[in-house]
Amino acid sequence: MSSAPDTRNATDSTDVLVVGAGVAGLACARDLLAAGVGVRVLEAGDAVGGRMRADRVEGFVVDRGFQVVNTSYPQLRRRLTLGDLRLRPFTPGVLVQGPSGRLRFSDPTRRPRTLPDLLPGRLAGHRDLAALGVLSARAMLSPPGRLKRRADTTTRTALADAGFSEAFVEGFFRPFLSGIFLEDDLETSARMFHLVWRSMLRGTLCLPTEGVGAVPRALAAALPPGTVRLESPVAGLTDDGVLTAEGREIPARSVVVATGPGSVPGLLPEVALPDYRTVTTYYHVAPRSPLGEPTLLVDTRRRFLNTCVLSDVAPEYAPPGHALVATSVLDEGEAGRESGEERAGRGDQEIRESLEGREGREGREGLAGREGQVRAAVGEAYGTGTDGWTLLAVRRVEDALPAMPPPQPLTRTARVAPGRYVCGDHRATGSVQGALASGARAAREVLSDLRG
Ligand SMILES: Cc1cc2nc3c(=O)[nH]c(=O)nc-3n(C[C@H](O)[C@H](O)[C@H](O)COP(=O)(O)OP(=O)(O)OC[C@H]3O[C@@H](n4cnc5c(N)ncnc54)[C@H](O)[C@@H]3O)c2cc1C
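Bear in mind the structure is a predicted one, so any value in this text is a computation, not a measurement.

Here is what the cut-offs are and how they apply
Residues numbered from 1 in each chain as written. Predicted model: local features only at pLDDT ≥ 70, side-chain atom pairs only at ≥ 80, totals over all residues. Heavy atoms only, no water. Helix = DSSP H or I, 4+ residues; strand = E, 2+ residues; numbered from the N terminus. Buried < 20%, exposed > 50% of the residue type's maximum accessible area, 1.4 Å probe, protein only. Contact = heavy atoms within 4.5 Å. Areas by Shrake-Rupley, 256 points an atom, 1.4 Å probe, with all protein chains shown as cover. Pairing = 2+ DSSP bridges. Near = heavy atom within 4 Å. Polar contact = N/O pair within 3.5 Å; in protein donor to acceptor, adjacent residues only side chain to side chain. Domains from an automatic or database assignment. Axes fitted to C-alpha atoms, helices over the stretch in contact; angles between N-to-C directions. Parallel < 35°, antiparallel > 145°, perpendicular 65-115°, else oblique. Nonpolar A, V, L, I, M, F, W, Y, C, P; charged D, E, K, R; others polar. Right-handed = clockwise from strand over helix to strand, strands pointing away. Phe/Tyr/Trp six-rings, centres within 6.5 Å; stacked < 30°, edge-to-face > 60°.

Novice: Explain the overall build of the protein residue by residue, including any values.
Specialist: Summing up its helical and strand segments, the protein has 14 helices and 21 strands in all. Taking all 452 residues of the protein together, the buried fraction comes to 56%. A separation threshold of at least 6 residues defines the contact pool for the protein, and within that pool the share at least 24 residues apart is 73%. By element, 50% of the accessible surface of the protein is carried by carbon and sulfur atoms, the whole surface being about 18,700 Å².

Here's what the structure looks like:
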């Protein structure tokens, strides 16, 4: 699953060095190159993609945390031919597992026959349906730029102000949005919520058949060979360029730090970072699909953020005769923290063994206990036994998404100091669209300064 850009013709000195080959850095590099500027991208990892990478585990596609591609993102549409990603769609809407069973929330304009679950007395009341109509019409019709001019508040306040009942907020918005914002108090900026709602209505959620890593790979493939240098961590910035971890200085007129939050404090201590959200995704293998449709399922009891049968969406995610189920949960607290970053293994026993000698007993039991709880909750939600299920992999991403409390500017300048720039989702919105847009903005500002 790793791409290996050709680095044979690489020479050292360049106009602009981009540090980090996540989608923000790749977008920035692409725009600078298109303007005729010399660019090199230095990436610490062994492949491009950062938080958008996938692994092959025993013939299954395992994304580094469950995530989806939204076809409405303008930056994606501008940069890629979406057809080349071989996208497989989710059904529009979600299944909501609540105390009275499972209900379907879907956009009635796309799937009229699913309307009955939205009828008053089931998922929503009359007032909620009216509010939903107004919210959705506004989201479809208002240009995103207008959002920035509105006063910002939390999503919870905005939903109450829009006329939604507490019951509908708790029964639909809270469980649904918690999987998008990676927090479950609806404390995220209402501006961000409106952008998300708009993108949901305008686009389709999809999975690329080869995993989400297909997106950054396609972005990297559009760069000239030799532009990206893998396994090249940058240790610091100098007056004339950057210092690599090997101790070599590479000169450049400008440096763009596109590293994600981990390296920003070391490279650009003056840049303020938001808090980041942590998420863990459990990948279970089942002998057959417990759902039989490509739909996201959320839980009003919030025992998990969301779950879906990946192989119902993209059969390529699992070898024939198996189903792959992804279930995401919020940060695991201390037990999860102790259990470390990422691991792939089979079954509780093997997880315990793989942790043997590395972590405390509490951490091992915490992980195994949590997995058991997740499996039980998901089995109940799907209405199926999970005896034949095995745990394939666990992906815990500590800096998954920036927290976005109000007020959110939605975009920030990339300029830090003369010749120094920063981009990434923390400078825009916590999304692929936000990261790409931030990379694009960094390129515009670098170009303007170089010419200026
Ligand atoms: C589990 C999960 C689910 C998500 N779900 C969605 C979703 O459904 N929809 C959506 O739109 N967005 C989603 N996102 C968010 C989206 O993936 C990110 O916003 C986006 O990928 C961030 O890109 P970036 O380029 O800003 O940063 P990153 O992807 O973090 O890229 C930074 C790069 O810099 C490299 N780097 C770091 N330090 C150094 C160094 N010192 N030297 C050289 N290189 C360095 C890293 O290796 C990495 O490749 C999700 C994210 C996660 C983790």
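Novice: Lay out the sheet that holds strand β5 (residues 69-70) with the relevant residues and their values.
Specialist: Taking strand neighbours across the sheet as the criterion, the 3 strands line up as β5-β9-β6 in an open arrangement whose pairing is antiparallel. Single-partner strands in this sheet number two, and they are β5 and β6 (87-89).

Novice: Let's hear about the environment of H322: which residues, and what values?
Specialist: Relative to the helices and strands, H322 is located in the loop between α10 (310-313) and β17 (323-330). Between the alpha carbons of H322 and V285 there is a distance of 6.6 Å; along the sequence they are 37 residues apart. When near neighbours in sequence (up to four residues on either side) are disregarded, H322 contacts F60, V285, A286, P287 and S311.

Novice: An account of the site of the ligand is requested, with residue identities and associated values reported.
Specialist: Among the 34 residues in the neighbourhood of the ligand, the closest are listed as E43, R51, Y73, S263 and D425. G50 has a polar backbone atom sitting 3.3 Å from an oxygen atom of the ligand. Protein chains bury 89% of the 1,000 Å² of accessible surface belonging to the ligand in isolation. For the shell around the ligand, the elements supplying multiple residues, two or more each, are α1 (23-34), β19 (390-402) and α14 (432-451). Counting only domains with at least three residues in the shell around the ligand, you end up with domain 1 (14-53 + 213-273 + 406-450) and domain 2 (56-68 + 275-402).

Novice: Provide a residue-level description of the pairing of strand β9 (residues 205-208), including the pertinent values.
Specialist: Burial along β9 is two-sided: L205 and L207 facing one way and C206 and P208 facing the other are all buried. Here β5 pairs with β9 via 2 bridges, running antiparallel. Each residue of the ladder has a partner; that of N70, found in β9, is L205. Sheet topology places β6 next to β9; 3 bridges connect them, and they run antiparallel. Across the sheet, the residue bridging to P89 is C206, located in β9.

Novice: Break down the side chain of S328 for me, with residues and values.
Specialist: By secondary structure assignment, the location of S328 is in strand β17. Here the side chain of S328 touches T281 through a polar contact of 2.9 Å, side chain to side chain. Once residues lying within four places of it in the same chain are set aside, the contact partners of S328 are F66, V279, T280, T281, F304, L305 and N306.

Novice: Please provide a residue-by-residue account of the packing of helix α6 (residues 166-181) against helix α7 (residues 190-202), values included.
Specialist: Taken N-terminus to C-terminus, the directions of α6 and α7 make an angle of 95°; their axes are 12 Å apart at the nearest point. Considering the angle they form, α6 stands roughly perpendicular to α7. Every residue of α7 that contacts α6 at F172, F173, F176, L177, I180 and F181 is listed here: M192, F193, V196, W197 and M200. Taken together, the residues of the contact of α6 with α7 sort by class into 11 nonpolar, no polar and no charged.

Novice: Could you give an account of the pairing of strand β1 (residues 14-19), naming the residues involved and the relevant values?
Specialist: Regular strands show a simple pattern: their side chains alternate between the two faces of the sheet. Here β1 lies mainly inside the structure; 5 of its 6 residues are buried. Pairing of β1 with strand β13 (residues 249-257) involves 5 bridges; the strand directions are parallel. If you follow T14 over to β13, its bridge partner there is A252. In this region the chain leaves β1, passes through α1 and returns to the parallel neighbour strand β2 (residues 39-42); the handedness of that crossover is right-handed.

Novice: Summarise the packing of aromatic side chains; cite the residues concerned and give the values.
Specialist: One pass over the full model with this rule turns up 14 aromatic pairs. An aromatic cluster is built from F105, F164, F168, F172, F173, F176, F193 and W197, whose rings are joined through pairwise contacts.

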